[in-house]
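# Secondary and tertiary structure notes
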Amino acid sequence: MSVGTEYVRLVEATDRILANRISCPIDIPPFQRSTVDGFAILSSDTKKATRDHHTMLDVVGKISAGKISRIRISSGKAVAIATGAKVPKGADSVIMIEDVIIENKGKKIFIPYKTNKGSNISPRGNDLRKGQILLREGTWLTAADIGLIASVGISKINVYKKIKVAVLSTGSELAEPGSNLGNASIFDSNRFMLSSMVRKHGGEPIDLGICRDQRSLIHARIMHALKFDVVLISGGSSVGEKDYVPSLINEIGKPGIIVSGIAMKPGSPTSLGIVNGKPVIVLPGYPVSAFVALYTFGLPLFYKILNTSGPPVAKQVAMLALDVKLHKGMTTFIRVRILKRRHGCFVAEPVSTTGASLLSTLAYSDGIVVAKYNNKGSQRDDMLHKGQNVEVILLRDVGTRRLNNC
Ligand code: AMP
Ligand code: MG
């Protein structure tokens, strides 16, 4: 499956994925440049310079950044030079302005030490060489990458198009945020949470709204959703009386549901299907379940389509503050808060391994620990133990949680 490519300007390139490798068209820096404000000189002139016996040079001119100068440096001469300016012919070293004594209204300088060839000079091609590969296809573009592309003079780049992901909520109890909440209703949070994840991970969410638990209505909505690249449906994924989604997927096209139920907690009533070549992910209605199910199955699918290994992911190793019992035979997703202790030690405090309906447990976590149940031979263990190190997938920077009491 492929979504095609498009050219975008660099200002629109954040979090896009390169569809072609980029080679460097020129040497960077394109010329020998000074890395400091100072004086361009011949290093051999300073061979005898000491703190007691300074070398005196005549300053014959000034070169500012961006200016071309015809000055040529020969023995006994120096030229004042700005950071980033082109080093004049003949000079092989730049001495910092702070290190010399300036006299005679800037016409003479006194140098108190021996300088080396090449000091404070960035040679042509020092940063990047013409022809070298700058970034590979599939690179998830970060700010530094975008700066790098701009630094070699490229203004437009070929990236994968965003995946169009239809996002549908099902459930007669769901109300639109901003509307009046009926007696037995709850606000639809999944659609907004899932759309936000889609947007952050290479997709463009297409909002298909809320659909009541009525077979014909859901059928029509799924038919519409199948016009897009990927379909995400939350709610009605299980075996309840009104859980129409999986049977409708099977009815609409082949092969239909290919995976039904996953050994994970939360998130077990997740189903994966393909209808007429379109991937369909049926997510549980409980918000934390929907989150981890999209994280586990949706994001890798998006990365596969976009030919990328994904965005930079922040992880933190932390010491578990408590024993955690794992769900037997399942992968357990443990929400944790991270506390920073003195001596650079991080402690992960479990928030919950259940309570998938409680979105606050996710929103007030710092990250998630994904614990695989180990059922091999004598290694069998259904616990994570207090004091052991765990890898936390961070949902936010450690220490930036907004509410202290949660
Ligand atoms: P279901 O998977 O349809 O059986 O729903 C399981 C639970 O998740 C029920 O308590 C639903 O009310 C809740 N739920 C379903 N869809 C959403 C949604 N879009 N936003 C928030 N909660 C939901
Ligand atoms: Mg439902």
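Note: the structure precedes this text.
As a starting point, this report considers the structure included with it. (Residues numbered from 1 in each chain as written. Chains lettered and ligands numbered in written order. Predicted model: local features only at pLDDT ≥ 70, side-chain atom pairs only at ≥ 80, totals over all residues. Heavy atoms only, no water.)

## Focus on the sheet that holds strand E5 (residues 55-63)
Strand order in the open sheet formed by six strands is E7-E4-E6-E5-E9-E8, with mixed pairing between adjacent strands. Bordering the open sheet on either side are strand E7 (93-96) and strand E8 (101-103), each of which pairs with just one other strand. Here the average twist between neighbouring strands, direction ignored, is 35 degrees. (Pairing = 2+ DSSP bridges. Helix = DSSP H or I, 4+ residues; strand = E, 2+ residues; numbered from the N terminus. Axes fitted to C-alpha atoms, helices over the stretch in contact; angles between N-to-C directions.)

## Concerning the packing of aromatic side chains
Going through the model one piece at a time under the given rule, you end up with one aromatic pair. A centroid spacing of 5.8 Å and a plane angle of 85 degrees characterise the contact between Trp140 and Tyr303, whose relative ring orientation is edge-to-face. Of this pair, Trp140 sits in the loop between strand E11 (133-135) and helix H1 (143-151) while Tyr303 is found in helix H5 (residues 287-305), placing the two residues 163 residues apart along the sequence. Here Trp140 and Tyr303 have matching classes, each one buried. (Phe/Tyr/Trp six-rings, centres within 6.5 Å; stacked < 30°, edge-to-face > 60°. Buried < 20%, exposed > 50% of the residue type's maximum accessible area, 1.4 Å probe, protein only.)

## Here's the deal with unusual backbone geometry
Across the junction of Ile28 and Pro29, the peptide omega takes the value -5 degrees, indicating a cis bond. Residue position: Pro29 is located in the loop between strand E2 (22-23) and strand E3 (33-34). Cis geometry marks the peptide bond from Lys254 to Pro255, where omega comes out at -10 degrees. The residue Pro255 is located in strand E18 (residues 255-260) in this model. Positive phi, normally seen in glycine, also occurs at Asn104, with a value near 55 degrees. Structurally, the position occupied by Asn104 is in the loop between E8 and strand E9 (108-111). With a phi angle near 60 degrees, Asn120 is a residue other than glycine that sits in the positive phi range. For Asn120, the position within the fold is in the loop between E9 and strand E10 (121-122).

## Considerations on the sheet that holds strand E13 (residues 163-170)
In space, the six strands of this open sheet follow the order E16-E13-E17-E21-E20-E18, with mixed pairing throughout. On the outer flanks of this sheet lie strand E16 (203-211) and E18, each paired with one strand and no other. For this sheet, the mean inter-axis angle between neighbouring strands, taken without regard to orientation, is 20 degrees. Note: strand E17 (residues 230-234) against strand E21 (residues 278-283), four bridges, orientation parallel. Paired with Ser234 across the bridge in E21 is Leu283. Across the sheet, helix H2 (residues 190-200) is in contact with E13, E16, E17 and E21; its angle to E16 comes to roughly 170 degrees. On top of the sheet, helix H4 (residues 245-252) reaches E13, E17, E18, strand E20 (271-275) and E21; it is set at about 145 degrees to E18, its chief contact. (Contact = heavy atoms within 4.5 Å.)

## Quick notes on the side chain of Ser271
Relative to the assigned elements, Ser271 resides in strand E20. The class for Ser271 is buried, based on a relative accessible area of 2%. With residues near it in sequence (within four places) discarded, Ser271 still touches Ser237, Ile257, Val259, Ser260, Gly261, Val280, Ile281 and Val282.

## Things to note about the pattern of salt bridges
According to the stated counting rule, one finds twelve salt bridges in the structure shown. When the shortest N-O distance is used, the salt bridge between Glu176 and Arg191 registers 3.0 Å. Linking Glu176 in the loop between strand E14 (174-175) and strand E15 (186-187) with Arg191 in helix H2, this pair joins segments that are 15 residues apart in sequence. One connected set of salt bridges, linked through shared partners, spans Glu176, Asp188, Arg191 and Asp207. (Salt bridge = Lys/Arg side-chain N within 4 Å of Asp/Glu carboxyl O.)

## Here's the deal with the nonpolar core
Of all hydrophobic cores here, the largest spans 34 residues; its most connected members are Ile163, Val165, Leu194, Leu232, Leu283, Leu294 and Phe302. Elements that contribute at least two residues to this core include exactly E13, H2, E17, E21 and H5. Among the nonpolar cores identified, the runner-up in size contains 21 residues, and Leu168, Leu208, Ala225 and Ile257 belong to it. (Core = buried A, V, L, I, M, F, W, Y, C linked by side-chain atoms within 4.5 Å.)

## Some details on the site of ligand 1
Taken together, 14 residues form the shell around ligand 1, and within it Glu173, Asp188, Ser189, Gly236 and Gly285 come nearest. At 3.5 Å from a nitrogen atom of ligand 1 is found a side-chain nitrogen or oxygen belonging to Ser169. A distance of 3.1 Å is found between a nitrogen atom of ligand 1 and a backbone nitrogen or oxygen belonging to Ser189. Protein chains bury 78% of the 480 Å² of accessible surface belonging to ligand 1 in isolation. Partitioning the shell around ligand 1 into residue classes produces five nonpolar, seven polar and two charged. (Near = heavy atom within 4 Å. Polar contact = N/O pair within 3.5 Å; in protein donor to acceptor, adjacent residues only side chain to side chain. Areas by Shrake-Rupley, 256 points an atom, 1.4 Å probe, with all protein chains shown as cover. Nonpolar A, V, L, I, M, F, W, Y, C, P; charged D, E, K, R; others polar.)

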